[in-house]
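For reference, the chains in residue letters:
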Amino acid sequence: MIDSTLREPLYRELERWRDAGRVARLWLRDDDAIEPTAALERLLGETRNYSIPLTLAVVPAFTGMPLAQRLADEAHVSVAVHGWAHHNHSGPDDKKQELGGSRLEETILGELYEGFLKLRDLYPARFLTMLVPPWNRIDKGLIPKLPALGFESLSTYGRAKGESPIAIVNSHVDLMDWHGTRGGRPIAELIGELVAELQDRFEGGNEPIGVLAHHLVHDAAAWDFLGELFEATAVHPAVEWVSATALVRDQMSTT
Ligand SMILES: [Zn+2]
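The structure displayed is predicted, hence computed values, not measured ones.

Definitions and cut-offs
- Residues numbered from 1 in each chain as written.
- Predicted model: local features only at pLDDT ≥ 70, side-chain atom pairs only at ≥ 80, totals over all residues.
- Heavy atoms only, no water.
- Helix = DSSP H or I, 4+ residues; strand = E, 2+ residues; numbered from the N terminus.
- Rg over C-alpha atoms; globule rule 2.2 N^0.38 Å.
- Buried < 20%, exposed > 50% of the residue type's maximum accessible area, 1.4 Å probe, protein only.
- Contact = heavy atoms within 4.5 Å.
- Areas by Shrake-Rupley, 256 points an atom, 1.4 Å probe, with all protein chains shown as cover.
- Lys, Arg positive; Asp, Glu negative; His and termini not counted.
- Charge placed at Lys NZ, Arg CZ, Asp CG, Glu CD.
- Polar contact = N/O pair within 3.5 Å; in protein donor to acceptor, adjacent residues only side chain to side chain.
- 1 Å grid on protein atoms, 1.4 Å probe; cavity = no way out; pocket = protein on both sides within 12 Å on 5 of 7 lines; lining within 4 Å.
- Points joined across faces, edges and corners; volume = space filled by probe spheres on them.
- Expected span 1.5 Å × (residues − 1).
- Arc of directions from axis to C-beta.
- Donors = N, O, S within 2.8 Å, 3.2 Å for Na, K, Ca; no water.
- Salt bridge = Lys/Arg side-chain N within 4 Å of Asp/Glu carboxyl O.
- Pairing = 2+ DSSP bridges.
- Right-handed = clockwise from strand over helix to strand, strands pointing away.

Draft legend 1. Expanded view of the overall build of the chain. When helices and strands are tallied, the chain shows 8 helices and 9 strands. Against the 2.2 N^0.38 benchmark of 18 Å for 255 residues, the chain shows a C-alpha radius of gyration of 18 Å, consistent with a compact globule. Counting the 255 residues in the chain, one finds 51% classified as buried. Looking at the chain alone, contacts between residues at least 24 apart form 71% of all its contacts between residues at least 6 apart. Counting every atom, the chain has about 11,800 Å² of accessible surface; 52% of that belongs to carbon and sulfur. Charge separation in the chain, taken as the distance between the mean sites of 25 positive and 38 negative side-chain charges, equals 2 Å.

Draft legend 2. Region of the structure containing the side chain of Glu111. Relative to the helices and strands, Glu111 resides in helix H4 (residues 105-122). According to the relative accessible area criterion, Glu111 is buried, its value standing at 18%. At a separation of 3.2 Å, a polar atom in the side chain of Glu111 contacts the side chain of Arg103. Ignoring anything within four residues of it in the chain, the contact list for Glu111 reads Trp84, Glu98 and Arg103.

Draft legend 3. Fine view of the layout of surface pockets. In this structure, the largest pocket encloses a volume near 1,200 Å³. Forming the boundary of the largest pocket are 38 residues, of which Trp135, Asn136, Arg137, Thr156 and Tyr157 lie nearest the centre.

Draft legend 4. Expanded view of helix H1 (residues 8-19). Between its first and last C-alpha atoms H1 spans 16 Å; for 12 residues at 1.5 Å apiece the expected length is 16 Å, and the two agree. Those residues of H1 not exposed but buried are Leu10, Glu13, Leu14 and Trp17. Each buried residue of H1 lies within a common arc of 95 degrees when the element is viewed along its axis, so the set occupies one face. Of the residues in H1, the exposed ones pointing more than 90 degrees away from the buried face are Arg12 and Asp19. Buried positions along H1 lie against strand S1 (24-33), helix H6 (187-202), helix H7 (220-233) and strand S9 (239-241). Just beyond H1, the residue with positive phi is Gly21, at close to 70 degrees.

Draft legend 5. Structural context of the side chain of Glu74. Within the secondary structure, Glu74 is located in the loop between helix H3 (65-71) and strand S3 (77-81). Only 3.0 Å separates the side chain of Glu74 from the side chain of Arg70, close enough to count as a polar contact. Beyond its immediate stretch of four places on either side in the chain, Glu74 contacts Leu44, Arg48 and Arg126.

Draft legend 6. The arrangement of the coordination of the zinc ion in detail. Each protein donor to the zinc ion is listed here as Asp32 (OD), His82 (NE2) and His86 (NE2); together their distances run 2.0 to 2.1 Å. Taken in chain order, the donor set of the zinc ion reads D-x49-H-x3-H.

Draft legend 7. Just the pattern of salt bridges, in detail. What the rule picks out here adds up to 19 salt bridges. We note a salt bridge from Arg120 to Asp121, for which the minimum N-O separation is 3.9 Å. Residue Arg120 is classed as partly exposed on the basis of its relative accessible area, which comes to 42%. Take Asp121: its relative accessible area is 58%, and that puts it in the exposed class. Taken together, the salt bridges that share partners define one network made up of Glu41, Arg48, Arg70 and Glu74.

Draft legend 8. Up close: the pairing of S3. Of all 5 residues in S3, 5 are buried; the element is thus mostly enclosed. Here strand S2 (residues 54-58) pairs with S3 via 5 bridges, running parallel. Counted as the bridge partner of Leu54 is Val77 from S3. Note on the crossover from S2 through H3 to S3: the handedness is right-handed. Between the parallel pair S3 and strand S4 (residues 127-131), the chain is carried across by H4, and the sense of this crossover is right-handed.

Limitation: the analysis is restricted to geometry and does not speak to function.
As structure tokens, then:
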């Protein structure tokens, strides 16, 4: 179990929200699902137990009926389009990217459309018209083309900047240490980042705060953090865990 003093800054911040009569909106995105696995079962179980809506970014090219059947009765889950094949088309010295680079725009958009149709057909009751670019990267020039494919929202990483031709529902706190241990990041660091996001929203930022998970590569530290986070927030009066569906709807009605 994690030392509860690590959670203190989070509790203190949430108390401030509660005292002010305010409610922070959180949402959960988990990437890279293709098929049912033990790790996915754990994620589904924990989110179901705490009534946390879950957006699962599924890789269209390699997924099929087994995952669709497994998720059919998981009413708290929605499925977003995670690129096409999660292939990196960048050069060896560039940041990894599937959606952009030197490939023809038509090729990329064609793949995205194929992915959109495939997941829409596989998930009649769970499909969310959201694009989650692999590695959270997409060429800027592609974004205005997404609505014509049917996408109504885009989710990458970091606070949204400026005007967008599509609803933006981003993630902000990434559980994993991709460039170091490749395991879960230290809990104190994650709590600190979450508190910083909460402070920003308290001061007037109105973006919901997205927590980003990757169930397939979670180690004990990552699972511990998620468990602690759910425990601390699931029934806290100053926190509302919101589905991405509701967040997109909310954004489309106010713009
Ligand atoms: Zn991914």
